[in-house]
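Structural characterization, general
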Amino acid sequence: MRWSNLLIPTLKETPQDAEIISHQLMLRAGLIRRLGSGLYTYLPLGYKALRKVEAIVREEMNRAGAQEILMPAMHPREIWDRSGRYESLKNVMFRVKDRQDREMVLGPTHEEIVTDLVSREITSYKQLPCNFYQIQTKFRDEIRPRFGLMRCKEFIMKDAYSFDVSSEAADESYKKMYDAYVRIFKRCGLHAMAVEADTGDMGGSSSHEFMIPCDAGEDAILEADDGSYAANLERAEGICDLSNEFPGADAALKKVATPNVGKIEDVAKLLKIEPRQLVKTLIYVADEKPVAVLLPGDRDVNEIKLHKLLPGAELADPEVIRQVTGADVGFAGPVGLTIPMIADRSLKGLRGGVVGGNETGVHLLNFDLERDSELRNFEDIAFPKVGDLAPNGKGRLTEKRGVEVGHVFKLGTKYTEALGANFLDEHGKSHPAVMGCYGIGVSRTLQAVIEQSNDKFGIIWPVSVAPFEVLITVLSPKDEACMRHAEEIREFLEEKGLDVLVDDREERPGFKFKDADLLGLPLRVTIGERGLAKGEIEIKERSEKDFEAVSVEEAAEKAYERILKMRELL
RNA sequence: CGGAGAGUAACUCAGUCUGGUAGAGUGCCUGCUUUGGGAGCAGGACGUCGCAGGUUCGAAUCCUGUCUCUCCGACCA
């Protein structure tokens, strides 16, 4: 392919509305253009790279035994009512009406659709296990799209759905997909890590997210420093093994005036203690009844965990808090409270703590949890903190950020029951199939590759997903010999199955080199009159600083060898 | 939805406070020169100043409304 025949609108200046490096580079290298918030056009180069990612995904899905299908992007509302997710995903789904006023939605995901299909077509255990996947555009009404392809209203996703006769068999399917994901991301040149994750609205028993660690990531990951544990912050557990005995442990409870300081930080400052010594007492309302939730002053409630114990619990209004504690917000404490109480397990054995006095402007010193309160209900309800022990007791937690590129779920029978996807076993008995679902954000993965592989000059594509493997930079396209050699090398490499881009533009060399670095194609072959006079052509890898001068005759072969070598490393 | 900011040339932005003929750099087109890391000179094209009202002799500029975009937050498989 010749550069002059492709739309590759490179930009010297960084577009203003791009915050992270991968987004900037996608715009500058002419891969994408924005239509509106969270809506992007893939230009020729971007689309070519996207399809390389798709091809890898497809190959690995097929290899794992999944069957490719394509489902509608637009669905009748009714099918979403059947699973109850029309309500729970109401804020996420785009809703449209056809001319007969029938309600339709643009699919944010396809569990219901595939399960409906399976309910009709899969009727016997002999047809199981099976796994269907598609690569398709998904629509989600993201409240805040951002970072280019990272969070869009419309994006490309590979979603696969497995159906099995039993939960043991489903575990097998899950494992297959998990392993396929490891291979997919590796082949894309990504360093992905699998972390334990919460299943959220999807439901189901367990899940793993595949994360690409990078500072621009939107998710927080906690990882044990010995690598033995990793989880999404939402899901992570930690064990706080710091001492819970503070100065004053043996002294009697004592009131102290803390006028106008209801916030943990302010109280700590006033009393000259660490926030950790304080007890944070929050009043929640669950099932219309108040509940006190207690945790160390330096920790926050993880409402996902809390909701597993108290479904639907919400922070109480100031009015309720006054009724329950007899004090303004900020002075609640466990002493004398008559409502049910739950404490985070890290509070166990607390002595010498400081708690709210249930009286405006008053705190209590020398609090001994066993001695001074009825509190015996300990649970894991807080976000862990860096430095906690991992739940396996090995290693301490560290925090990093990551981009979620894949997510695998064990769904159980939530959808198959709701949509009647039953099969008959060998005894003629009917069971709902056991389901799993597996997503990969294909467009997001593409951007993650760039986020993870670039330098100050531009993108550095891994050979597996580069829009072209080789760029032939012709410094003097007007020179007949230069172009002839370029075309010969292109033909040779294309016959080997490589994608080759020939920069045949009438531009100064420096200009073309800058563009070449920006585009970041893995191998550059440079042909100039100066080199040809010596019988030489240069080949240079994007990831390396120096070029190698090779003879005109062996240039094509050498270039091919380099690409083969790069491929071996993935 | 709450808070903050921005909409002026294809891109990056000045001009708005203090109303008076629409600006710069980059890019684009033409020509000449140049040719190994985003060249130089000369000439040229490109604008309903987001949109709609209002005030005024006169509005990019002041007022009102509205739309869009970005950032922070809330939300989110």
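In the block above lies the structure referred to throughout.
Okay, so let's go over this structure. (Residues numbered from 1 in each chain as written. Chains lettered and ligands numbered in written order. Predicted model: local features only at pLDDT ≥ 70, side-chain atom pairs only at ≥ 80, totals over all residues. Heavy atoms only, no water.)

1. A few points about the pairing of strand S10 (residues 206–213)
Where a strand is regular, its side chains alternate between the two sheet faces. For the record, the criterion: A pair of strands is labelled paired if DSSP reports no fewer than 2 bridges between them. Working definition: helices are DSSP H or I runs of at least four residues, strands are E runs of at least two. Numbering for both runs from the N terminus.
Sheet topology note: the strand S9 (residues 193–197)/S10 ladder contains 5 bridges and is antiparallel. Bridging across to S10, Ala-194 finds its partner in Phe-210. Where S10 and strand S21 (residues 397–412) come together, 8 bridges link them in antiparallel fashion. Following the sheet pairing, His-208 is matched in S21 by Val-408.

2. Considerations on empty space enclosed by the protein
Heads up, the condition is: Of the two site types, the cavity is a set of points on a 1 Å grid over the protein atoms alone where a 1.4 Å probe fits but cannot get out, and the pocket is an open set with protein on both sides within 12 Å along at least five of seven lines, each lined by residues with an atom within 4 Å of a point. Grid points are joined across faces, edges and corners, and a volume is the space filled by probe spheres set on the points. Polarity classes work like this: nonpolar for Ala, Val, Leu, Ile, Met, Phe, Trp, Tyr, Cys and Pro, charged for Asp, Glu, Lys and Arg, and polar for all others, with Gly in that last group.
What the rule picks out here adds up to 2 cavities of 30 Å³ or more. Put simply, the largest cavity is a space of about 50 Å³. Forming the walls of the largest cavity are Leu-471, Ala-516, Asp-517, Leu-521, Arg-524, Lys-540, Glu-541 and Arg-542. Looking at the lining of the largest cavity, the elements that each hand over two or more residues are helix H14 (509–519) and strand S30 (536–541). Taken together, the residues of the lining of the largest cavity sort by class into 3 nonpolar, no polar and 5 charged. Partitioned by chemical class, the residues of the lining of the second largest cavity number 3 nonpolar, 2 polar and 3 charged.

3. Remarks on the pattern of salt bridges
Opposite charge on two side chains allows them to pair when their charged atoms are near. The following threshold applies: Throughout this description, the term salt bridge denotes a Lys or Arg side-chain nitrogen within 4 Å of a carboxyl oxygen of Asp or Glu. Three labels apply to residues, based on accessible area from a 1.4 Å probe with only protein chains included: buried if under 20% of the type maximum, exposed if over 50%, partly exposed otherwise in between.
By the definition in use, this model includes 55 salt bridges. In this structure, Arg-2 engages Glu-487 in a salt bridge whose closest nitrogen and oxygen atoms are separated by 3.0 Å. Residue Arg-2 is found in the segment before helix H1 (21–28), and its partner Glu-487 is found in helix H13 (residues 480–495); the two are separated by 485 residues along the sequence. A relative accessible area of 15% places Glu-487 in the buried class. One salt-bridge network, held together by shared partners, links Arg-2, Glu-487, Arg-490, Glu-491, Glu-494 and Asp-504.

4. So, the protein's contact with RNA strand B
Which entries qualify depends on this criterion: Nearness is defined per residue: one heavy atom within 4 Å of the molecule or strand is enough. Counting of polar contacts relies on pairs of N or O atoms within 3.5 Å, with two restrictions inside protein: one atom must be capable of donating a hydrogen and the other of accepting it, and residues adjacent in sequence are counted only when both atoms are side-chain atoms.
Taken together, 37 residues surround RNA strand B, and among them Arg-140, Arg-144, Asp-201, Asp-517 and Glu-538 come closest. Interatomic distance of 3.0 Å between a side-chain N/O atom of Ser-37 and a phosphate oxygen of RNA strand B. At 2.3 Å from a phosphate oxygen of RNA strand B is found a side-chain nitrogen or oxygen belonging to Arg-144. Looking at the surface near RNA strand B, the elements that each hand over two or more residues are strand S8 (154–164), H14 and helix H15 (529–533). Along the lines of polarity and charge, the residues of the surface near RNA strand B split into 12 nonpolar, 7 polar and 18 charged.

5. What to know about unusual backbone geometry
Cis geometry is adopted by the peptide bond preceding Pro-129, which originates at Leu-128 and carries an omega value of 0°. You can see Pro-129 is positioned in the loop between helix H5 (111–121) and strand S7 (130–139). A positive phi angle is found at Phe-147, which is not glycine, with a value near 60°. Looking at the secondary structure, you find Phe-147 in the loop between S7 and S8. Judged by relative accessible area, which is 19%, Phe-147 ranks as buried. The phi dihedral of Asn-366 is positive, around 60°, even though this residue is not glycine. Position of Asn-366 relative to the elements: it lies in strand S19 (residues 362–368). Relative accessible area serves as the criterion here: at 13%, Asn-366 is assigned to the buried category.

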